[in-house]
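Architecture and fold: a report
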Amino acid sequence: MSAISRWFVAVTAVVLLAPIPLASAAEGEPPTLRFGAGSKKGGFTRLAGVLAGGLAASGDRVRLDIQHTKGSCDNIKRLLRGELDVALVQYDVAAEAFKASVTPPDDGADDDEDGAFGGWMCKITADMARGADLHLITALTDGAVQMLVRRPVRIDEFDQIGDAPIYLGKDGSGSFETAKVIVGAAGHTVEGLNLFEGGSGEAYAALRGQELLVMLRTTERGDDEIADVVASGLASINPLPEDVLNRLIDGYPYYRICQVEPATYPGLEYGVPTVCVSTVLLTATFPDDPEHPAVSDASVDALLDAAYLVAKTSDLKIKPRASGFAEKEPIPLHPVAFERKRTALWRSIGEGAALLLALLLGGFFLRRVLRRRGYLRDPLSAGLEGHLSNPLVPFAGFAVIVMAATFIVWLIEHDSNARLRTLDDSFWEMNTFATGNFSTETLKTPSARFVGAVATIMGLGALAWFTAALTNIFARDQTRLFQRRRDHLVILNFREDMLQLVRLLRSPGPARHQAIHVMVPEELPSRVRIQLAKVKALTIHQENPEVPDNLIGLRLHRAARVIILEGEATSAGEVFHPLRIARAVHQAAQTTARGGDRQLSAATGRPALAGHHLSGPAQLGLPKTLVETSEDDPDALFAPFRGWLHAINARQLTFVWLVHAAAEPFFADFFTGVVSFRDDNAEVYSAAPPPWLIGRPWIVARRTLYSVEGTGAVLPLGLYRDAEEVEPGDRLMVNPDFEILVQASDLILALCEDASDLLRALRRSRKVAAEQEQRCRRGSAERSP
Amino acid sequence: MGQPSRVIVVNFSPDARGLTAAIVDFFGPAPVELVCVGVVKRAVGEGALAGIDGVDPRYVEGSVSLGVDRFVAVLEAAEIGLPDATAVIVLPHHASAEVDAHSRLTCVALGLACGERPLPNTVVAIEDPEASFEFSGLGVTTIFYPGFLRAALFAHACVDLPVFHFILALLRGRFRLQTLEIPAELRERSFGDACMGLERDPEGGPVTLVGVFAIDPEGGAPTMAINPGPSFALRRAASLLAISERRR
């Protein structure tokens, strides 16, 4: 045949066989598009019908000429041939055709070689596809590959299928093509499998008849027929093996990893990993072929309007999308769809920015309101804000890092990584990363790995910060505990030989846990400071104790005791005198007791020095204070303070002790024994009598304490009558008269190993007290006659 | 009237005048002889001791700074009756470069001055508590560190004010510590039984047992045990320790 003859035959064939590219519309009639659907009862045809309805409902700008085909393969081929204007095609098939269309021609090969099967889906050749520019209008619906396996068999690997019959779909359908590549990803060929021939209806019947082991169906999740089979207990949905999924996505990135959600089918209680593929609306243009004009932009616009309309009204789970439906989306968007996508993107950015601005403004005004009402304090001083040492900040930071990484990594890899199918998967993976367990095995893409590495580094930093903040809190609380200023002991004008006092206070005894604040002069040797610094719960202050302002921080009104020591002369000849320190204590305690109000005397400009006889020391918040002095007449010197201050002439007492020890040889041992807080020693303690001892004679109380069993040895010494009407010198009664009655204001003095022994003995003395009283009465009665 | 108590104060200085007052106050109306040995000149020492009621103190000039032998000679020459003294109080000599070493040498001199006889009841006040072991073997009865007394007083004042007052009263001699013989009927009983049975001292005043002098199984001197516990067997005790109000 000559070249002219061949040209003539070709033109004739085109004229006779090719359908009219765009059905010419009558005047005033909307254009009609040749629309490739599927079999008459298939899902594509239903979708086409819904779209046609949507077009009618959205202005009837375009009409569809729905053409029944064999499915995706047929549709793509017809589209490439220009026999259809628009077609529904499974995206994997469409993407393969697109790749075929962009394959550069092999100039060295003859026509036949170039047109040979290139391995593309649906046996499309590069020659068939070349010349057609495929454009994506929109993705419409989603299908998931679902592996139905006859119960009770469960398949973890495709090798387990062996020669058992398997149904992959109808040859030529998109479902079949998808199944083929899945089988390929598992290392098998379709030819090597025992394929069940027939339609899907027959395959379901075979499954029910126990003749079929496996069905691979690419259909929407929740498909009625699958639901029936699963509900009947004949088969279950099995997950696609993870390695198959990963290989599939690596070789065919037109799918995306997804899962069949729990409860999609009756009895399905967990997510089943699989791949999803979308059904897209595709069109083709032929730039070099004027015989096949492109679908007009107006028609594409109308189709998109219809798609968005039916997405709201139809029950076919239509979800129009321009992107984000496959791991890779190589087919370019139709310009109209692209413009819509860009507009939507800008709209989303605008909405997001507006929302962010609104949140910022709302937060700003809320903060202002809370500040004005005093709910928020100065961020640099306290509260949750602005605290680097607040562990909630790094904890929140850690949470933000994990959440951000979760979302970003999920966005990057959820379509391609079987381990990151859901946000939940991503969240737990990112928790692993952020706690320092970086791994390249979990994440596939460099960008996701970069995010994972950043999350790891930042997470470790946040955790370190969190740990440091917590440590700081513990240390601070411990410091606060050590420095607490309630029931604390204050020693003013400390000097070296009083280290013994600190040791005694820290030896086993009731005061060992009390915080001690020591105010030292500047001249105190550093070796003494070092020794003091080693004492637990002791805080050193270096101040002039004669200045009341220096004492205010010690909160003296809450102190259990204040001890004022005599000072040693400094190198400059300066001596802090106990009397001046006592004045400072008085003023500082008054100030802190009144919450900082000094109540200055108008005459002196200093806090008024009120004696205890005016308002009482308790009302003034004055602490019980002991002053060491060597004055000859300390009582006269400290007379204005006598209500709350006790002067101790230590030098004179030293002489007394020496004389006493010289005169009574065992005095020294006894004295040392009763004043030393040692575990193996007995000391003197006092405790309030229980109600049942009040009003009873001392002899009863004494015998009761001797007789209580089950406690440590308690030797009652006497009473301390802490009553206003009793002169201070008469309050202490050791070995009082046996008939003297115990009063409520009394304290019982006893020699015992521990204060708790005395308290325990008193608690348990009720019954014994009654017995002892009866015994005493009997004894008195016997003596009376 | 019995033999008067003789108290010898060594290393006396005028600023220790309060000690002499304390001696007079403690011994009260009982006759007491007070001998003060000091480093200050005789006139100064006697001047410091002048005017103390109830006692006629004697001052002897000398200290171990002269040398142990010379100081011993001074003591012997003064005829102060050291071995027969009721008590000796050795005060710290603050002018010395090593105060406690000076006190130790003083005790050595005192021991030499006593010759073959033991030192009387001797109390030494030291400046450094770590120096106390240096006095072992010198026959000293009590080593006293004034810092401990102050610390004890203040510590108890911090813990319990009534107890502080008790200690202060004990220190000032308001209470008398006395040893009591263990009555025959209690010898096989326990300390708890003794507490219940011994409520008055031989003079009829209320008394409280606070401890025992436990027999040393190795034959040594009995040791004081304060509050040994109610089950302590009195057959292990040489005597009882009791506290009572001092009646003057």
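Residues numbered from 1 in each chain as written. Chains lettered and ligands numbered in written order. Predicted model: local features only at pLDDT ≥ 70, side-chain atom pairs only at ≥ 80, totals over all residues. Heavy atoms only, no water.

1. A closer look at empty space enclosed by the protein
All names here are of chain A. As a reminder of what qualifies: Buried and open spaces are told apart on a 1 Å grid over the protein atoms alone, a cavity being a set of points where a 1.4 Å probe fits but cannot get out and a pocket being an open set with protein on both sides within 12 Å along at least five of seven lines. Residues with an atom within 4 Å of a point are the lining residues. Grid points are joined across faces, edges and corners, and a volume is the space filled by probe spheres set on the points. Three residue categories are used. Nonpolar comprises Ala, Val, Leu, Ile, Met, Phe, Trp, Tyr, Cys and Pro, charged comprises Asp, Glu, Lys and Arg, and polar comprises the others, including Gly.
Within the structure shown, the criterion is met by one cavity of 30 Å³ or more. In this structure, the largest cavity occupies an estimated 40 Å³ of space. Looking at the largest cavity, the residues that line it are Arg 34, Gly 82, Leu 84, Asp 85, Ala 284, Phe 286, His 292, Pro 293 and Val 295. Split into classes, the residues belonging to the lining of the largest cavity amount to five nonpolar, two polar and two charged.

2. What to know about the interface of chain B and chain A
How big an interface is tends to be expressed through the accessible area that disappears when the partners come together. We count it as follows: Here a residue-residue contact requires only that any non-hydrogen atoms of the pair lie within 4.5 Å. Here a salt bridge means any side-chain nitrogen of Lys or Arg lying within 4 Å of a carboxyl oxygen belonging to Asp or Glu. Any pair of nitrogen or oxygen atoms within 3.5 Å is treated as a polar contact; in protein, a donor-acceptor pairing is required on top of that, and neighbouring residues in sequence qualify only through side-chain atoms on both sides.
Between chain B and chain A, the contact holds 74 residues from the first and 72 residues from the second. Connecting chain B to chain A are four salt bridges. Our count for the chain B to chain A interface comes out at 18 residue pairs in polar contact (both at pLDDT 80 or more). Its residues placed into classes, the side of chain B that touches chain A shows 50 nonpolar, 14 polar and ten charged.

3. Quick look at the packing of helix H24 (residues 667-675) of chain A against helix H5 (residues 146-159) of chain B
Any two packed helices are characterised by how steeply their axes cross, that is the angle between the axes, and by the distance between the axes. Going by this rule: Orientation is described by lines fitted to C-alpha atoms, with helices fitted over the stretch in contact, and by angles between N-to-C directions that extend from 0 to 180 degrees. Every helix listed is a DSSP run of H or I at least four residues long, and every strand listed is a run of E at least two residues long, numbered separately from the N terminus. When an angle is under 35 degrees it counts as roughly parallel; over 145 it counts as roughly antiparallel; between 65 and 115 it counts as roughly perpendicular; any other value is oblique. Left-handed describes a crossing whose near helix is turned anticlockwise from the far helix through less than a right angle; right-handed describes the clockwise counterpart.
Between H24(A) and H5(B), whose axes approach to 10 Å, the crossing angle comes to 40°. On the basis of their axis angle, the class for H24(A) and H5(B) is oblique. In this structure, H24(A) meets H5(B) at a crossing whose hand is left-handed. Listed contacts from H5(B) to A:Phe671, A:Thr672, A:Val674 and A:Val675 of H24(A) are B:Phe148, B:Leu149, B:Ala152 and B:His156. Among the residues forming the contact of H24(A) with H5(B), the class breakdown is six nonpolar, two polar and no charged.

4. Considering a nonpolar patch on the surface
Residue and element names in this part refer to chain A. Our working rule: Residues qualify for a patch when their relative accessible area is over 30% and they have no salt bridge, like charges being joined within 9 Å and the nonpolar side chains of Val, Leu, Ile, Met, Phe, Trp and Tyr within 5 Å. Accessible surface is estimated by sampling points in the Shrake-Rupley manner with a 1.4 Å probe; for residues, cover comes only from the protein chains shown. Accessible area is worked out with a 1.4 Å probe on protein chains only. A residue is then buried under 20% of its type maximum, exposed over 50%, and partly exposed in between.
A surface patch of nonpolar side chains, about 410 Å² in accessible area, is lined by Leu 357, Leu 361, Phe 364 and Phe 365. On the secondary structure map, Phe 365 appears in helix H12 (residues 335-372). Take Phe 365: its relative accessible area is 47%, and that puts it in the partly exposed class.

5. Side note on a negative patch on the surface
All names here are of chain A. Cut-off, in case you're wondering: When charges are counted, Lys and Arg contribute as positive and Asp and Glu as negative, whereas His and the chain ends are disregarded. Charge placement uses NZ in Lys and CZ in Arg. For Asp and Glu, CG and CD serve respectively.
A cluster of acidic side chains, namely Glu 220, Asp 224, Glu 225, Asp 228 and Asp 315, defines a negative patch on the protein surface. Summarising the element assignment, Asp 228 is placed in helix H9 (residues 224-231). Note on Asp 228: relative accessible area 46%, which makes it partly exposed.

6. Quick notes on the sheet that holds strand E10 (residues 237-245) of chain B
Here is the rule: Only strands that DSSP links by at least two bridges are regarded as paired with each other.
With antiparallel pairing, four strands are arranged side by side in an open sheet as E7-E10-E8-E9 (chain B). Single-partner strands in this sheet number two, and they are strand E7 (175-180) and strand E9 (223-226) of chain B. On average, adjacent strands in this sheet sit at an angle of 30° to one another, irrespective of strand direction. Relative to E10(B), strand E8 (residues 208-214) of chain B is paired through six bridges, and the arrangement is antiparallel. Following the sheet pairing, B:Thr208 is matched in E10(B) by B:Ile243. In the packing of H24(A) onto the sheet, contacts are made with E7, E8, E9 and E10 of chain B, and the angle to E9(B) comes to roughly 35°.

7. Section: the nonpolar core
Worth spelling out the cut-off: Residues belong to a common nonpolar core when they are buried Ala, Val, Leu, Ile, Met, Phe, Trp, Tyr or Cys residues joined through side-chain atoms within 4.5 Å.
In this structure, A:Ile491, A:Phe494, A:Trp657, A:Phe670 and B:Phe166 are the most contacted members of the largest nonpolar core, which totals 163 residues. Apart from residues lying up to four places away in sequence, A:Phe494 is in contact with A:Leu499, A:Val502, A:Val518, A:Met519, A:Val520, A:Pro521, A:Leu524, A:Val528, A:Leu532 and A:Leu565. With 89 residues, the next largest nonpolar core counts A:Phe35, A:Ile137, A:Leu281 and A:Ile318 among its residues.

8. Considering the environment of A:Arg449
Residue and element names in this part refer to chain A. By the secondary structure assignment, Arg 449 is in helix H15 (residues 446-482). Sequence separation between Arg 449 and Phe 438 is eleven residues; the distance between their C-alpha atoms is 8.9 Å. Leave out the neighbours within four places in its chain, and Arg 449 touches Phe 438, Thr 440, Leu 443 and Lys 444.

9. A few points about the packing of aromatic side chains
Here is the rule: For Phe, Tyr and Trp, rings pair up if their centres lie within 6.5 Å, where Trp contributes its six-membered ring, and each pair is then called stacked (planes under 30 degrees apart), edge-to-face (over 60) or tilted (otherwise).
Using the criterion set out here, one finds 16 aromatic pairs over all chains in the structure. Taking the centre distance of 6.2 Å and the plane angle of 80° together, the rings of A:Trp657 and A:Phe671 count as edge-to-face. Here A:Trp657, found in helix H23 (residues 650-663), pairs with A:Phe671, found in helix H24; they are 14 residues apart in sequence, far enough to count as distant. For A:Phe671, a relative accessible area of 1% translates into the label buried. Judged by centre distance (5.6 Å) and plane angle (65°), the rings of A:Phe666 and B:Phe213 are edge-to-face. In this pair, A:Phe666 sits in the loop between H23 and H24 while B:Phe213 sits in strand E8, so the two residues belong to two different chains. Residues A:Phe666 and B:Phe213 agree in their burial class; the two are buried. Members of the aromatic cluster, joined through ring pairs, are A:Trp657, A:Phe667, A:Phe671 and B:Phe144.

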